[in-house]
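Given next are the chains, with one letter for each unit.
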Amino acid sequence: MINNFLTALSAVSPQNALLITTGVVIGLIFGAIPGLSTTMAVALFLPITFAMKMFPSLSILMGLYIGGFSGGLISAILLNIPGTAASLMTCLDGYPMAKRGEAGKALGLGIFSSFLGGAISIAALILIAPLLAKVALKFGAFEYFSLTFFALSIIVTMSSKDILKGTISGLLGILVSMIGPAPVDTYPRFTFGISSLESGIDTTVALIGIFAIAEIFAMADKEEGDKADTVAVQSYHIKGLGFTFKEYWEEKINVIRSSVIGILIGILPGIGGTLASIISYNTAKKMSKEPESFGKGCNGGLIASETANNAAIGGAMIPLLALGIPGDAVTGLLLGAFTMKGVQPGPLMFTNHVQTIYFIFVVMIIANGIMLAANYFSIPAFIRLLKIPKKILFPVVGFLCVLGVYGLNSSSFDLTLMLVFGIAGFFMKKWGLKEQPFIIGILVGFMAEQNFRRAIMFSGGSLVPFFTSGISLLFLTAAFGSIGFTVHKALKHQSAAAEEEQI
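Residues numbered from 1 in each chain as written. Predicted model: local features only at pLDDT ≥ 70, side-chain atom pairs only at ≥ 80, totals over all residues. Heavy atoms only, no water.

**Examining the overall build of the protein chain**
No. 1: Helices and strands together make up the secondary structure of the protein chain, namely 22 helices and 2 strands.
No. 2: In terms of C-alpha radius of gyration, the protein chain reaches 22 Å, essentially the compact-globule figure of 23 Å for 503 residues.
No. 3: Within the protein chain, the proportion of its 503 residues that are buried is 55%.
No. 4: In the protein chain, of all internal contacts separated by at least 6 residues, the share reaching a separation of at least 24 is 78%. (Helix = DSSP H or I, 4+ residues; strand = E, 2+ residues; numbered from the N terminus. Rg over C-alpha atoms; globule rule 2.2 N^0.38 Å. Buried < 20%, exposed > 50% of the residue type's maximum accessible area, 1.4 Å probe, protein only. Contact = heavy atoms within 4.5 Å.)

Have a look at this one:
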């Protein structure tokens, strides 16, 4: 193994190192700008690699992959706008930290957690890829549905302060996810005769509308606008990454747990870092001694989200390399890159293309280190963004949102949808409905319905297999247990509050 690593390391020429660095930096930019994404970055650069040899093309593509996933935390923390769907949960604690003058610390925690999550997942990829790939094969439609149902149950648990409003918000998101072609038979639903809706609603459009455009409308509103300009700004002369070793060491169990969750969720094809981040955040909240601090600028919540979504990178590479099955949209594009170069990922790749495998390992390690360094040296510049008046900053953000959304499908209808979601998000803020449950409903709702229909078709209409499969039963038990505990806790709190009022 050591000889293979040394051989692969020697293949990292100055040209390849420059390509890795370029890929990471461009990936960070694509991840940080709402509307742009890692998938878009890799898709745009894939044709450029046609004329390249294998190693240079892998250098820039893997750099884009790793840089893009960590870039989303920047706008999530500074503007409460997730640059990517995987940074959705980062907003919950990152933005409150920025509002109270700890933007540097929040960025430092997010960046270092991204680095650790990526490093641990790369180690898992190197050491136990074939073994973990077998875990993915144990998941069928029943297990996938139970996993997504568990993710949806988080809508209730994260809305413990107002379960009714949180559940309504989540159900509205699930309803939106049903617009377009139905799973399996692809029959168009809820399109109201609008042909542009027959392909469904792009989740990125909804994400940008609900968060970015709604925030711009709120800032334009006089009452909300006054509040929006009172965000405290920490001096950009911060020490190190803005946090102490002791602070981070207190979250060591959280880091390990979130990394494992990210890796395990990442190896499941079609799931990705978004679901890993959601489940990791909820688990960290449940396991915390101070769950009430989550959502108010808690270190643990930010660390859980960013560790898990970056750990999913190495996880997604495991089924790609070991089984030839892409774990997410980006690895699907990487599969195409391998095929173009005459390499077929799968079990034989570990014997027929050992040099390529180890070069990927080395590139991922280097890219992860460059990502940490690039983000670290950019922290002062990021924090300075908060000093820009929002009446100047948000029009620029709005322009980038329009540019990013139009770039998705070159569709003016997507811009209309973005505006509709922006208006909806504005009124959700007014009515006290949380955006996160709504987006979780959109992101996870379709996956849940799709796998439920597949499972029912496979079982001939029987629900029994959902409870006879050990993995499926485990997730269902966790979901119902989590919902029951949250509802019980909320009712107990209401009862105690009512007794105090009577006294």
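So that's the structure; there's more coming.
**What to know about unusual backbone geometry**
No. 1: Within the chain, N80 stands out as a residue other than glycine whose phi angle is a positive 65 degrees.
No. 2: Tracing the sequence through the fold places N80 in the loop between α4 (54–79) and α5 (90–99).
No. 3: Assessed through its relative accessible area of 13%, N80 is described here as buried.

**Some details on the packing of α5 against helix α14 (residues 299–323)**
No. 1: It is the contact of α5 with α14, at a shortest axis distance of 8 Å, that shows an interaxial angle of 130 degrees. In terms of orientation, α5 and α14 fall into the oblique class. Every pair of crossing elements has a handedness; the one defined by α5 and α14 is left-handed. For the pair α5 and α14, the contacting residues are T90, D93, G94 and M97 in the first and N299, G301, L302, S305, E306 and N309 in the second. (Axes fitted to C-alpha atoms, helices over the stretch in contact; angles between N-to-C directions. Parallel < 35°, antiparallel > 145°, perpendicular 65-115°, else oblique. Left-handed = near helix turned anticlockwise from the far one by under 90°.)

**Some thoughts on the layout of surface pockets**
No. 1: Each pocket or cavity is described by its volume, and for the second largest pocket that value is around 1,200 Å³.
No. 2: Lining the second largest pocket are 48 residues, and of these A85, D202, T203, T204 and L443 sit closest to its centre.
No. 3: Take the lining of the second largest pocket: its biggest share by element is 5 residues, from helix α20 (residues 435–459).
No. 4: Considered class by class, the residues forming the lining of the second largest pocket number 25 nonpolar, 19 polar and 4 charged. (1 Å grid on protein atoms, 1.4 Å probe; cavity = no way out; pocket = protein on both sides within 12 Å on 5 of 7 lines; lining within 4 Å. Points joined across faces, edges and corners; volume = space filled by probe spheres on them. Nonpolar A, V, L, I, M, F, W, Y, C, P; charged D, E, K, R; others polar.)

**Describing the side chain of S258**
No. 1: By the secondary structure assignment, S258 is in helix α12 (residues 252–266).
No. 2: S258 sits in the buried class, given a relative accessible area of 0%.
No. 3: A distance of 2.7 Å separates a polar side-chain atom of S258 from the backbone oxygen of N254.
No. 4: The residues contacting S258, other than those within four sequence positions of it, are S280, A304, T307 and A308. (Polar contact = N/O pair within 3.5 Å; in protein donor to acceptor, adjacent residues only side chain to side chain.)

**A short note on empty space enclosed by the protein**
No. 1: Under the criterion given, the structure shown has 1 cavity of 30 Å³ or more.
No. 2: In this structure, the largest cavity spans a volume of roughly 40 Å³.
No. 3: If you go around the largest cavity, the residues you meet are I66, S114, G118, S121, I122, N310, I313, G314, M364 and N368.
No. 4: When contributions to the lining of the largest cavity are tallied by element, the ones reaching two or more residues are α6 (103–137), α14 and α17 (354–384).
No. 5: Considering every element that reaches the lining of the largest cavity, the biggest residue donor is α6, with 4 residues.
No. 6: Along the lines of polarity and charge, the residues of the lining of the largest cavity split into 4 nonpolar, 6 polar and no charged.

**Observations regarding the pattern of salt bridges**
No. 1: A complete count under the given rule lists 6 salt bridges for this structure.
No. 2: Residue D185 is joined to R453 by a salt bridge in which the shortest nitrogen-to-oxygen separation is 3.1 Å. Highlighted residues: D185 in the loop between β1 (180–181) and β2 (188–189) and R453 in helix α20, separated in sequence by 268 residues.
No. 3: Under the relative-accessibility criterion, R453 is labelled partly exposed at 27%.
No. 4: The salt bridge partner of R189 is E449, with a shortest N-O separation of 2.5 Å. Placement of the pair is R189 in strand β2 and E449 in helix α20, with a sequence separation of 260 residues. You'll find R189 and E449 in the same group, each marked buried. (Salt bridge = Lys/Arg side-chain N within 4 Å of Asp/Glu carboxyl O.)

**Notes on the state of the cysteines**
No. 1: Inspection of every chain in the model, using the stated rule, returns 0 disulfides.
No. 2: Left unpaired, C298 is separated from the closest cysteine sulfur, that of C91, by 15 Å. (Disulfide = S-S within 2.5 Å.)

**Thoughts on the packing of aromatic side chains**
No. 1: Counting across every chain of the model gives 23 aromatic pairs.
No. 2: Centroid distance F55 to F359: 4.0 Å. Interplanar angle 10 degrees. Geometry classified as stacked. With F55 in helix α4 and F359 in helix α17, the pair connects residues that are 304 residues apart, well separated along the chain.
No. 3: The class for F55 is buried, based on a relative accessible area of 17%.
No. 4: On the basis of relative accessible area, F359 is assigned to the buried category, the value being 0%.
No. 5: Ring geometry for F149 and F480: centres 5.3 Å apart, planes at 45 degrees, overall tilted. (Phe/Tyr/Trp six-rings, centres within 6.5 Å; stacked < 30°, edge-to-face > 60°.)

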